Amino acid sequence: MPPPSPQEQHAWLLGAGPKPRRKASAESLEGACDFVLKHWQVIGTTAPRLLNWVRSDLMDHPRVQAVRDRKVSVEILGRIQLLLMKRLGQALTERRIPYVLLKGSATRLMAFDDPLGRCGYDIDLGVPGTRIREAEDLILELGFWQAELDFAKNQFVVANPRLRASVESHHYELGFLARRHRVTDLSPASEAAIRRDLPSQDPWHLTEEGGVGCFVSIDVHHGLCLDVPIEPVVHASRQKLLDDIALWVPAHHWMAFHLIYKLYWEGVHNYAKGGFQYADLCRLLPKLRPADVPPLLELLHRYLFEVAGYFVLRRVPSLGVPLPPGLASFVQRMEHPEQRQRPIDPVRINDLGDMWPKLWGGR
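Source: prediction; values computed, not measured. (Residues numbered from 1 in each chain as written. Predicted model: local features only at pLDDT ≥ 70, side-chain atom pairs only at ≥ 80, totals over all residues. Heavy atoms only, no water.)

Undergrad: Would you mind going over the overall build of the protein chain with me for this structure?
TA: Along the protein chain, the regular secondary structure elements total 14 helices and 11 strands. Taking the principal axes of its C-alpha atoms as reference, the protein chain extends roughly 65 × 60 × 40 Å. A total of 363 residues make up the protein chain; the buried ones form 54% of that total. Residue pairs at least 24 apart in sequence account for 75% of intrachain contacts in the protein chain once pairs closer than 6 positions are excluded. For the protein chain, the computed accessible surface area is about 16,900 Å², with 54% contributed by carbon and sulfur atoms. For the protein chain, the separation between the mean place of its 45 positive charges and that of its 42 negative charges on side chains is 3 Å. (Helix = DSSP H or I, 4+ residues; strand = E, 2+ residues; numbered from the N terminus. Buried < 20%, exposed > 50% of the residue type's maximum accessible area, 1.4 Å probe, protein only. Contact = heavy atoms within 4.5 Å. Areas by Shrake-Rupley, 256 points an atom, 1.4 Å probe, with all protein chains shown as cover. Lys, Arg positive; Asp, Glu negative; His and termini not counted. Charge placed at Lys NZ, Arg CZ, Asp CG, Glu CD.)

This is how it looks when you write it as structure tokens:
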């Protein structure tokens, strides 16, 4: 068994357990800061845990300042996204277009005490396929435009319609819908933090006038993936208040299933991608009621994702979060392949091995 990778050593920052007993040394600090910066989607949650671990004499370390700067830029981006989520939810409701928020857009409302503890590149939205073009037209009315990412400039540009149609023809979501914001009402300290963070924070950039701007994009899904339709997720959705606006979010069992799917499928097929979603899972699972566990297990069974559920869920206690009893029993039952009730064909049951080392860049 290889030793834990440097990234894996800092996975505790994503969880809810106690910090290490020893305060951070100068040597361990840089690795921990790099971990928090890499997993910037949850920096509003991990940065306070990191800073509570840092020795007072290291608070002025350049990497600590980089964490503070990134936290500012991500939280301001998050505020803009939350404002647009409310406008979008209101408009969809007025047009009677059924929808459900997905991924980080949903978990920030469902699992985090403060929605600014979770951010992301996009606002993720699920809409039944029969209504998806209506939803797109509405989003365009709200000031978004059909876009694609120019990797050389690291900015959105107007989409090539042929390329967009080709991608959409075999995918479970529309191409990018993006909106550019020129942000002019920042405090001097916040603007200075964003400007220092510009080289490493994709959504932010300098405008033609030399000010700061950011892109917000919306992904519109007509499926959770190619094999899982969005309609049952929309049908089972429930309302969650954001300030005084009611927004539709997935039922807890669908949200947990989607998180398990993303953590396993992205983790097992990539190196060092998606580990931040353990912060989502660690905060969602304690909110599950006993009645949420059977439908979650049924989804894992229906979509041949029980092995994936085993690999993902068994790591949660190591992050300081006990599994609900029903899920703890499931993990214990799944420990030995001979106890599974299906023919042992690893590929057929999506048993591609443990994704945990790959999440942190190992094998």
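Undergrad: Sorry, what's going on with the pairing of strand β5 (residues 177-183) here?
TA: For a regular strand, side chains alternate in direction, first toward one face of the sheet and then toward the other. Counting buried residues in β5 gives 5 out of 7 residues, a clear majority hidden from the surface. With 2 bridges joining them, strand β3 (residues 145-150) and β5 adopt antiparallel strand pairing. Residue Gln146 lies in a different strand from β5, and its bridge partner there is Leu177. Pairing of β5 with strand β7 (residues 212-221), which is carried by 7 bridges, proceeds in the antiparallel orientation. (Pairing = 2+ DSSP bridges.)

Undergrad: Would you explain the pattern of salt bridges in this entry?
TA: Opposite charge on two side chains lets them pair, provided their charged atoms get close. For the structure on display, the rule yields 20 salt bridges. Here Asp34 makes a salt bridge to Arg63, at a shortest N to O gap of 2.6 Å. Of the two residues, Asp34 is situated in helix α1 (residues 26-38) and Arg63 in helix α3 (residues 62-94); the sequence distance between them amounts to 29 residues. Using a relative accessible area of 33% as the deciding quantity, one classes Asp34 as partly exposed. Linked by salt bridges that have partners in common, Arg180, Arg182, Glu208 and Glu209 make up one network. (Salt bridge = Lys/Arg side-chain N within 4 Å of Asp/Glu carboxyl O.)

Undergrad: What should I look at first to understand the packing of helix α12 (residues 306-313) against helix α13 (residues 325-333) in this one?
TA: Remark: α12 packs on α13, axes separated minimally by 9 Å, with the N-to-C direction vectors making an angle of 110°. In terms of their interaxial angle, α12 and α13 are classed as roughly perpendicular. Contacts between α12 and α13 involve Glu306, Gly309, Tyr310 and Leu313 on the former and, on the latter, Leu327, Phe330 and Val331. By residue class, the composition of the contact of α12 with α13 is 5 nonpolar, 1 polar and 1 charged. (Axes fitted to C-alpha atoms, helices over the stretch in contact; angles between N-to-C directions. Parallel < 35°, antiparallel > 145°, perpendicular 65-115°, else oblique. Nonpolar A, V, L, I, M, F, W, Y, C, P; charged D, E, K, R; others polar.)

Undergrad: Whenever I open this one, the nonpolar core confuses me. Can you help?
TA: Generally speaking, nonpolar side chains in soluble globular proteins are found buried as a group. Counting residues in each nonpolar core, the largest one holds 119 residues, and the members touching the most others are Phe257 and Tyr278. Here the element with the most residues in this core is α3; it accounts for 13 residues. Among all residues touching Tyr278, those that are not within four sequence positions of it are Leu14, Leu263, Phe311, Val312, Arg315, Val316, Leu319, Met355, Trp356 and Leu359. (Core = buried A, V, L, I, M, F, W, Y, C linked by side-chain atoms within 4.5 Å.)

Undergrad: Would you mind showing me how to read α13 here?
TA: Helical geometry note: an α-helix holds 3.6 residues per turn, so side chains three or four residues apart project in the same direction. Listed in full, the buried residues belonging to α13 are Leu327, Phe330 and Val331. Down the axis of α13, the buried set is contained in an arc of 95°. They therefore lie on one face. Among the exposed residues of α13, those pointing more than 90 degrees away from its buried face are Pro325 and Gln332. Contacts from the buried residues of α13 go to α11 (293-302) and α12. (Arc of directions from axis to C-beta.)

Undergrad: Honestly, the packing of helix α2 (residues 43-51) against α3 in this entry has me stumped. Any pointers?
TA: When two helices pack together, you describe them by how their axes are tilted relative to each other and by the distance separating the axes. At a closest axis distance of 10 Å, the pairing of α2 and α3 adopts a crossing angle of 155°. Taken together, α2 and α3 sit at an angle that is classed as roughly antiparallel. Seen from above, α2 lies across α3 with left-handed handedness. Residues Ile43, Gly44, Ala47, Pro48, Leu50 and Leu51 of α2 form the contact with α3, whose own contacting residues are Val64, Val67, Arg70, Lys71, Val74 and Glu75. Residues of the contact of α2 with α3, tallied by class, amount to 8 nonpolar, 1 polar and 3 charged. (Left-handed = near helix turned anticlockwise from the far one by under 90°.)

Undergrad: Where do I start with unusual backbone geometry in this structure?
TA: Where the residue is not glycine, phi is negative for most of them; where a peptide bond is considered, it is trans in most cases. The residue Asp243 is not glycine, and still its phi comes out positive at about 55°. Among the residues examined, Asp243 registers a relative accessible area of 57% and is labelled exposed.

Undergrad: Help me understand the packing of aromatic side chains, please; the structure alone is not making it clear to me.
TA: Geometry of an aromatic ring pair is reported as the spacing of the ring centres plus the angle between the planes. Throughout the structure, instances matching the rule amount to 14 aromatic pairs. The interplanar angle of 65° and the centroid separation of 6.5 Å between the aromatic rings of Phe257 and Phe305 together place this pair among those described as edge-to-face. A residue pair is termed long-range when its members are at least 10 positions apart, and Phe257 in helix α9 (residues 252-269) and Phe305 in the loop between α11 and α12 qualify at 48 residues. Through pairs of rings, three or more aromatic residues link up here, namely Trp254, Phe257, Tyr261, Tyr264, Trp265, Tyr303, Phe305, Tyr310 and Phe311. (Phe/Tyr/Trp six-rings, centres within 6.5 Å; stacked < 30°, edge-to-face > 60°.)

Undergrad: In this structure, what is going on with the environment of Tyr271? I would like to understand it.
TA: In this structure, Tyr271 sits in the loop between α9 and α10 (277-284). What makes Tyr271 partly exposed here is its relative accessible area of 45%. Along the sequence, Tyr271 and Asp351 sit 80 residues apart, while their C-alpha atoms lie 17 Å from each other. Reaching out from Tyr271, the side chain makes a polar contact with the side chain of Arg363 at a distance of 3.2 Å. (Polar contact = N/O pair within 3.5 Å; in protein donor to acceptor, adjacent residues only side chain to side chain.)

Undergrad: So what exactly am I meant to see when it comes to the side chain of Ser217 here?
TA: Along the polypeptide, Ser217 turns up in strand β7. Since its relative accessible area comes to 2%, Ser217 is described here as buried. Polar contacts involving the side chain of Ser217 include one to the side chain of Asp122, which spans 2.4 Å. Sequence-distant contacts of Ser217, defined by excluding residues within four places in its chain, comprise Tyr121, Asp122, Ile123, Phe144, Phe156, Phe176, Leu177 and Ala178.

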